[in-house]
Amino acid sequence: MKYRLWVLLTFIVLCGGSTDQDYCERDENGSCKSKTNSEQCEDEDEPCFIEEKVAKKEENAYPHFETLSRLNPGKIGSEQTYTIGGREMKLITRALKPLLFEIPNALNDEEILHVIEKAKNPNYSGGMFSSQARGGLTPEDTFKPSKEPGRASGPASRFDNWDFNDDQIIDLKEVAMFCRNYNFLYFKEPEVKTMIETLKLNEFDDGICTVDEFQNMNTQGIEDYLNQVMRDHPKFRQRYSDQVWLPMAKEYDKLLSKIRYRFGELLKIPEKILLGSEHLQVVRYLPQGHYHAHHDSETEKVTDKPCCHHTSTKTVLQYNKCKLCRFITVMVYLNTPEEGGETAFPAADNITYSDSSFRRRGTEAIDLFNLSEHCQDANLVLKPVKGTAVVWYNHYVDYKGWLGALEERSLHGGCEVKKGEKWIMNIWITAPYKNSVNKLSMYSMEYAMSAAHNKD
Ligand code: OGA
Ligand code: FE2
């Protein structure tokens, strides 16, 4: 009798209120389904219902977050620990601008294996492909060098495109700068010299080229040479890596979805924003692989373009019609490379940062964006260790709790892999500006369903 009363009281406490009814799975007669597991079911009916409720609640336990927010930064070097889904996550603050945390063992070996196997499986992912951005090749590429020397038809034909400091001479550093600015090629002095020798540019015999000498220089040859190098040697490009995209929705992959929820909960991301974030990107670098300094997101100052995930697929495919809105980057090392492959933040915690100060021009030109050359000059250099996540905020949060200004100091890149391979994955938490909060993200399953109807 006593037992029955307890059961009844517990039932009233747990099942009181209309929303709790939702946790009761009902049979055809409208009664709560009871489990048949007799160990859990001392009594035939109610206690089973209680068990079921607890289980359901855990499954749906993603907390409610109204808007975006940023975690408490603490001091550089300080640690904060959270337990998410039974996993302990220790966040170590490594920088404040951008706010950046390192989280050791954020993924375990089994999860890492799963990610790599899926990325490598050509039947599932379509296989890894090399970057087409910034000098990478599209399948439609039809470049053919011209046979004749002479005047270039493009930017190489104009002296002022070379003479960055307007001193009426072109020196070797300015040649490297030209290659970088117009062909996205990262040349050091030896590569510049090789080009001059190959093309027999005797205008540079004394190390410089004057306005007069420039008039007859074979700029056509230079243009062709650079176009050819861009195609032949990915190691000179802004990015030299292969990557692949994997959907993270639970409909595609339960484990990837679980990983995303773990970071979402840690970073207090509203569920809708989390589910509307980009697919997972898995990246592989081979020896000489790198990704020179860049921002993962774009500035809020561009107001005439929608965020890439808040627009139609058609628009996204039209180059330059939308902008990246990546609130947070969650980057996880999937292996420990033998040598090299650090992640560098050249401007982290710089008090003053301006894009131009990083591209010092003319005679004193040094290029801190070039991480093959300047990896160790960066303010923050992180060593890649298998399972460690690096999490940083590319943006601030605005006064309403939505995407705010870009943090320019989130500039970063992957230094050259010297030995072995380097594997990483990127979860980009894409978020809306306040005027697009109510728009569906094209990455959410909801969008996929509505797009199927609208045929946009
Ligand atoms: C990126 C990136 C850094 C690294 O993939 O966007 O910045 O260390 N990677 O590979
Ligand atoms: Fe990046």
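Residues numbered from 1 in each chain as written. Chains lettered and ligands numbered in written order. Predicted model: local features only at pLDDT ≥ 70, side-chain atom pairs only at ≥ 80, totals over all residues. Heavy atoms only, no water.

Asks: In this structure, what is going on with the environment of Leu-255? I would like to understand it.
Replies: In this fold, Leu-255 is placed in helix H9 (residues 254-266). Spatially, the C-alpha atoms of Leu-255 and Glu-111 are 7.5 Å apart, while their sequence positions differ by 144 residues. (Helix = DSSP H or I, 4+ residues; strand = E, 2+ residues; numbered from the N terminus.)

Asks: I would appreciate a short explanation of the confidence of the model for the protein in the present structure.
Replies: Low-confidence regions, as indicated by low pLDDT, have predicted coordinates that should not be scrutinised in detail. In this model, the protein carries an average pLDDT of 82, and 77% of its residues clear a pLDDT of 70 or more. Across residues 1-24, confidence stays below pLDDT 50; counting only partners more than four residues off in sequence or on other chains, it has 25 contacts. (pLDDT = per-residue confidence, 0-100. Contact = heavy atoms within 4.5 Å.)

Asks: Is there a simple way to explain the nonpolar core in this structure?
Replies: Within soluble globular proteins, side chains that are nonpolar generally end up buried alongside one another. Phe-263, Leu-267, Val-282, Leu-334 and Met-425 are the most contacted members of the largest nonpolar core, which totals 48 residues. Among the elements that make up this core, the one with the highest residue count is H9 (five residues). Grouped together as the second largest cluster of nonpolar side chains are 29 residues, Phe-164, Ile-170, Ile-196 and Val-229 included. (Core = buried A, V, L, I, M, F, W, Y, C linked by side-chain atoms within 4.5 Å. Buried < 20%, exposed > 50% of the residue type's maximum accessible area, 1.4 Å probe, protein only.)

Asks: Please clarify how the coordination of the iron ion (ligand 2) should be interpreted in this entry.
Replies: Looking at the metal site, the iron ion (ligand 2) is ligated by His-294 (NE2), Asp-296 (OD) and His-412 (NE2), spaced 2.1 to 2.2 Å from it. Considered as a linear motif, the donors of the iron ion (ligand 2) on their single chain read H-x1-D-x115-H. One end of the pair, His-294, is in strand E10 (residues 290-294); the other, His-412, is in strand E18 (residues 412-414), and 118 residues separate them in sequence. Assigned by exposure class, His-294 and His-412 land together as buried. (Donors = N, O, S within 2.8 Å, 3.2 Å for Na, K, Ca; no water.)

Asks: Please explain the packing of helix H3 (residues 109-120) against H9 as it appears in this structure.
Replies: Between two packed helices, both the angle of their axes relative to each other and the distance between the axes serve to describe the pair. Look at H3 against H9: their axes get within 10 Å of each other, and the N-to-C directions meet at 120 degrees. In this view, H3 runs oblique relative to H9, as classed from their interaxial angle. In this structure, H3 crosses over H9, and the sense of that crossing is left-handed. Only Leu-255, Leu-256, Ile-259 and Arg-262 of H9 make contact with H3, whose side of the interface consists of Glu-111, His-114 and Val-115. Its residues placed into classes, the contact of H3 with H9 shows four nonpolar, one polar and two charged. (Axes fitted to C-alpha atoms, helices over the stretch in contact; angles between N-to-C directions. Parallel < 35°, antiparallel > 145°, perpendicular 65-115°, else oblique. Left-handed = near helix turned anticlockwise from the far one by under 90°. Nonpolar A, V, L, I, M, F, W, Y, C, P; charged D, E, K, R; others polar.)

Asks: Just checking my understanding: could you explain the packing of aromatic side chains for this structure?
Replies: Given two aromatic rings, one states the distance between the centres and the angle between the planes to describe the pair. Counting across every chain of the model gives nine aromatic pairs. Between Phe-159 and Phe-214, the ring centres sit 5.3 Å apart and the planes meet at 80 degrees, which makes this aromatic pair edge-to-face. Taken as a pair, Phe-159 in the loop between strand E4 (129-130) and strand E5 (169-171) and Phe-214 in helix H7 (residues 211-214) lie far apart in primary sequence, 55 residues in all. Considered together, Phe-159 and Phe-214 belong to a single accessibility category, that of buried residues. (Phe/Tyr/Trp six-rings, centres within 6.5 Å; stacked < 30°, edge-to-face > 60°.)

Asks: Help me understand helix H5 (residues 172-183), please; the structure alone is not making it clear to me.
Replies: Helical periodicity: at 3.6 residues per turn, an α-helix aligns residues three or four positions apart in one direction. With twelve residues, H5 extends 16 Å between its outermost C-alpha atoms, agreeing within 8% with the 16 Å of an ideal straight helix rising 1.5 Å per residue. Here H5 has its buried residues at Leu-172, Glu-174, Val-175, Ala-176, Met-177, Phe-178, Cys-179, Arg-180 and Asn-183. The elements touched by buried residues of H5 are E5, helix H6 (189-198) and helix H8 (219-232). Where H5 begins, one side-chain oxygen reaches toward the backbone nitrogen of Lys-173, 3.2 Å away; that side chain belongs to Asp-171. One or two steps after H5, the chain reaches Phe-184, where phi turns positive at roughly 55 degrees. (Expected span 1.5 Å × (residues − 1). Polar contact = N/O pair within 3.5 Å; in protein donor to acceptor, adjacent residues only side chain to side chain.)

Asks: Would you mind going over the sheet that holds E10 with me for this structure?
Replies: Hydrogen bonds along the backbone pair up the strands of a sheet, which may run parallel or antiparallel. Strand order in the open sheet formed by five strands is E7-E10-E18-E13-E14, and the pairing between neighbours is antiparallel. Edge strands, defined here as strands with exactly one partner in the open sheet, are strand E7 (239-240) and strand E14 (380-382). Relative to E14, strand E13 (residues 343-345) runs antiparallel, the two being bridged by three bridges. Each residue of the ladder has a partner; that of Ala-344, found in E14, is Val-381. (Pairing = 2+ DSSP bridges.)

Asks: Teacher, can you tell me more about the site of ligand 1 here?
Replies: Around ligand 1 sit 14 residues in total, of which Tyr-285, Thr-343, His-412, Lys-422 and Asn-426 are the nearest. In the environment of ligand 1, an oxygen atom lies 2.7 Å from a nitrogen or oxygen atom belonging to the side chain of Lys-422. Between ligand 1 and Asn-426 there is a distance of 3.0 Å, counted from an oxygen atom to a side-chain nitrogen or oxygen. If ligand 1 stood free it would expose 290 Å²; the protein chains cover 99% of that surface. Elements represented by at least two residues in the shell around ligand 1 include exactly E10, E18 and strand E20 (422-430). (Near = heavy atom within 4 Å. Areas by Shrake-Rupley, 256 points an atom, 1.4 Å probe, with all protein chains shown as cover.)

Asks: Honestly, the state of the cysteines in this entry has me stumped. Any pointers?
Replies: Counted by the stated rule, this structure contains three disulfides. Between the sulfur atoms of Cys-307 and its disulfide partner Cys-325 the distance amounts to 2.0 Å. When the S-S torsion is -85 degrees, as for the bridge of Cys-307 with Cys-325, the disulfide is left-handed. Of this pair, Cys-307 sits in the loop between E10 and helix H11 (313-317) while Cys-325 sits in the loop between H11 and strand E11 (326-333); the two residues are 18 residues apart in sequence, bridging distant segments of the chain. According to the relative accessible area criterion, Cys-325 is buried, its value standing at 1%. (Disulfide = S-S within 2.5 Å.)

Asks: I keep staring at unusual backbone geometry and nothing clicks. Help me out?
Replies: Comment: phi is negative for the bulk of residues other than glycine, and the bulk of peptide bonds are trans. Cis geometry marks the peptide bond from Lys-97 to Pro-98; its omega dihedral reads 5 degrees. Relative to the elements of secondary structure, Pro-98 occurs in the loop between strand E2 (87-96) and strand E3 (99-103). Located in the positive-phi region is Asp-166, a residue other than glycine, with phi close to 55 degrees. Here Asp-166 shows up in the loop between E4 and E5. Phi at Gln-168 takes a positive value of approximately 65 degrees, unusual for a residue other than glycine.

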